[in-house]
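Working through the structure, step by step
One letter stands for each residue in the lines below.
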Amino acid sequence: MAQLHYKNITIDYTSTGKGSAVVLLHGFLENQTMWHHLVPVLAAKYRVITIDLLGHGNTSCLGYVHTMEDQADMVHHVLHELKIRKSVLIGHSMGGYIALAFAECYPDNVKGLVLLNSTSRADSDERKQNRDRAIAAVKQNYTAFVRMSIANLFSEDNREKLADVIEQVKLEALKTPVQGIVAALEGMKIRNDREVLLHFGPYPIALILGKKDSVLPYEENCTQIENTRVALTTFPDGHMSHLENEKEVGQTLLSFLKSI
C-alpha cells in the first residue's frame, strides 16, 4: 500500500504490474482489499491501480457529503500523480457511479469502462428515501446496519456457502467510519443520471450483472443498454459478482481488456 496527499487528507492506493493501466474502484462499504483475488489475475498483463475511495478503507473523509464528482476528482489526482494519462476504469456498484462521473469529467483520460453490478441511472425517489432511511439506521446502530447491509448483497444461495467470505467483507466494512458511510449515501442520493454515456461514450463499455441482485433489479438494469453497443455479461448470483463469481469475472475482464 502507498499513500499520497490530496486536499489535506491522505489517499491509500496500490499499483501492481506493468502495461496499460486498469483502475479498480470498489463499492459502498468496501475498500481496496475487495480486489485482492482479482489484482494478480489482471496484473499479469496490466498495471492495476486500486484506491481506497473517500471515507473508505484507509482514506480519510473530505467532508460530510462525498459526491460522485468529488470521488472522481480524487481518482483523477491519484492517476495524475502516477503519470497515467489513459486507463480502463472498472467500478463495482458505487465505484461504477464514480467511473461514470470520471468519464463525464475527464473523457480524454478514459480508454474503457466496466460497470460491475452498477447502473448509469440516478436514484429513483423511492431509492432516495431508502438512502435517507439508511442514514438514520447507521446513526442509530452502526454495527447492525453494516452487518445487515453486507449480508443482503449476496444471493440467498451463497449466504451459507460463502459464510467465511461474507464475514471477512463485514469485518472490512466495519472499518468504514460513520462519516464515510453517511457522506457516501448522501453523494449517491444526489448523483446525476449518466445513461447518455452508454449511448455516446467513444470507448468500449461493458456491463456485468447478477441475475439475483437484490440492490439493482436485473431486468430493469438491462433496459439501460438497449440500442447501445455495451457488452453485457450476466452471472446467476447477487450484487457481489467479483466475490460470488470470482474466476468468471476475472476471465470476463481479461477478455474485455484484450479486445480494447
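As a reminder, the structure under discussion sits directly above these lines.
The structure reproduced in this document is the subject of the present report.

Criteria and thresholds
- For every chain, the first residue of the written sequence is number 1, and numbering continues from 1 onward in sequence order.
- Confidence filtering applies because this is a predicted model: local features only for residues at pLDDT of at least 70, side-chain atom pairs given and counted only at 80 or more, and all residues used for totals across whole chains, interfaces and linings.
- Each side-chain value is worked out from all heavy atoms of the structure, with water and hydrogens disregarded.
- By convention in these notes, a salt bridge is any Lys or Arg side-chain nitrogen within 4 Å of a carboxyl oxygen on Asp or Glu.
- Numbering of helices and strands runs from the N terminus, with a helix taken as a DSSP run of H or I at least four residues long and a strand as a DSSP run of E at least two residues long.
- For every residue, the accessible area (1.4 Å probe, protein chains only) is compared with the maximum for its type, and the residue is labelled buried under 20%, exposed over 50%, or partly exposed between those bounds.
- For Phe, Tyr and Trp, rings pair up if their centres lie within 6.5 Å, where Trp contributes its six-membered ring, and each pair is then called stacked (planes under 30 degrees apart), edge-to-face (over 60) or tilted (otherwise).
- A ring is scored as having a charge over it whenever the NZ atom of a lysine or the CZ atom of an arginine sits within 6 Å of its centre and within 35 degrees of its normal.

Details of the pattern of salt bridges
Taken as a whole, this structure holds 11 salt bridges when the rule is applied. Notably, a salt bridge pairs Arg 121 with Glu 195, separated by 2.8 Å at the nearest N-O pair. A residue pair is termed long-range when its members are at least 10 positions apart, and Arg 121 in the loop between β6 (110-116) and α4 (125-140) and Glu 195 in helix α9 (residues 195-200) qualify at 74 residues. Two residues, Lys 189 and Glu 186, come together in a salt bridge whose shortest N-O distance is 3.2 Å. A residue pair is termed a helical-turn pair when its members lie 3 or 4 positions apart in one helix, as Lys 189 and Glu 186 do in helix α8 (residues 178-189) at three residues. Judged by its relative accessible area of 15%, Lys 189 falls in the buried class. Several salt bridges share partner residues, and in doing so they unite Asp 123, Arg 127, Arg 131 and Arg 191 into one network.

Comments concerning the packing of aromatic side chains
For any pair of aromatic rings, the description rests on two quantities: the centre-to-centre distance and the angle between the ring planes. Tallying each qualifying case throughout the model produces one aromatic pair. Taken together, a centroid distance of 5.2 Å and an interplanar angle of 50° make the contact between Phe 102 and Tyr 106 tilted. Phe 102 sits in the buried class, given a relative accessible area of 1%. Sitting above the plane of the Tyr 97 ring, Arg 191 keeps its charged end 3.7 Å from the centroid.

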